[in-house]
Amino acid sequence: QVQLVESGGGLVQPGGSLRLSCVVSGSIFSMNDMGWYRQAPGSQRELVAAITSGGRSNYADSVKGRFTIFRDNAKNTVYLQMNSLKFEDTAVYYCNADVTDRMYRTFKLWGQGTLVTVSS
């Protein structure tokens, strides 16, 4: 069984920083594309950042220059470093991963979400 667990959310003041982590565990053959999404109250889920298995990344315009996505394949983990946080970054953040297990089945996994609140 393959599963995905996020951590790192919390309350932070504007201008502050947080790092989110997403660990994939289980019978994994490979981790493919991975990404972070967020959903604010009353809004649709949106892509924040994504990274390919080769390390190529892309970002939503709203977070460019402030957020960085990176991965540690040895640890089956993807991170989202969030700096210069703004009120409008408040949302539930979800990790998404395309994973191939040892039976060579490919899954698109979602985490349970971690809440990030930017408030003074």
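In this text, all values refer to a predicted model and were calculated from it rather than measured experimentally.

### Points about the packing of aromatic side chains
Then step 1. For the coordinates displayed, the defined rule picks out three aromatic pairs.
Then step 2. Here the aromatic rings of Phe29 and Tyr104 are separated by 5.0 Å at their centres, their planes lie at 65 degrees, and the arrangement is edge-to-face. Of this pair, Phe29 sits in strand 4 (residues 28-39) while Tyr104 sits in the loop between strand 9 (91-101) and strand 10 (106-110), placing them 75 residues apart in sequence.
Then step 3. Overall, the relative accessible area of 48% leaves Phe29 in the partly exposed class.
Then step 4. Each ring, one from Phe70 and one from Tyr79, has its centre 4.9 Å from the other, and the planes form 20 degrees; the classification is stacked.
Then step 5. For Tyr79, a relative accessible area of 14% corresponds to the buried category.

### Focus on unusual backbone geometry
Then step 1. One non-glycine residue, Asn76, adopts positive backbone phi at about 50 degrees.
Then step 2. Owing to a relative accessible area of 23%, Asn76 belongs among the partly exposed residues under this scheme.

### Quick word on the pattern of salt bridges
Then step 1. A complete count under the given rule lists six salt bridges for this structure.
Then step 2. Taken together, the shared-partner salt bridges connect Arg38, Glu46, Arg66 and Asp89 into one network.

### Looking at the state of the cysteines
Then step 1. Summed over all chains, the structure comprises one disulfide.
Then step 2. Two residues share a disulfide in this structure: Cys22 and Cys95, whose sulfurs sit 2.1 Å from each other. When the S-S torsion is -80 degrees, as for the bridge of Cys22 with Cys95, the disulfide is left-handed. Placement of the pair is Cys22 in strand 3 (residues 18-25) and Cys95 in strand 9, with a sequence separation of 73 residues.
Then step 3. Look at Cys95 and you get buried, because its relative accessible area is 0%.

How each quantity is defined
Numbering of residues begins from 1 in every chain and follows the order in which that chain's sequence is written. Residue-level local features of this predicted model are given only where pLDDT is at least 70; pairs of side-chain atoms are given and counted only at 80 or more, and the full residue set underlies all totals for whole chains, interfaces and linings. Only heavy atoms go into the side-chain values, all of them from the structure, while hydrogens and water stay out. Put simply, two rings from Phe, Tyr or Trp (the six-membered ring, in Trp's case) pair if the centres are within 6.5 Å, and we call them stacked under 30 degrees between planes, edge-to-face over 60, tilted for the rest. Helix numbering and strand numbering both begin at the N terminus, where a helix is a DSSP run of H or I of at least 4 residues and a strand a DSSP run of E of at least 2. Think of it in three bands: with a 1.4 Å probe and only protein chains considered, a residue is buried below 20% of the maximum accessible area for its type, exposed above 50%, and partly exposed in between. Here a salt bridge means any side-chain nitrogen of Lys or Arg lying within 4 Å of a carboxyl oxygen belonging to Asp or Glu. We call a pair of cysteine sulfur atoms a disulfide when they lie within 2.5 Å.

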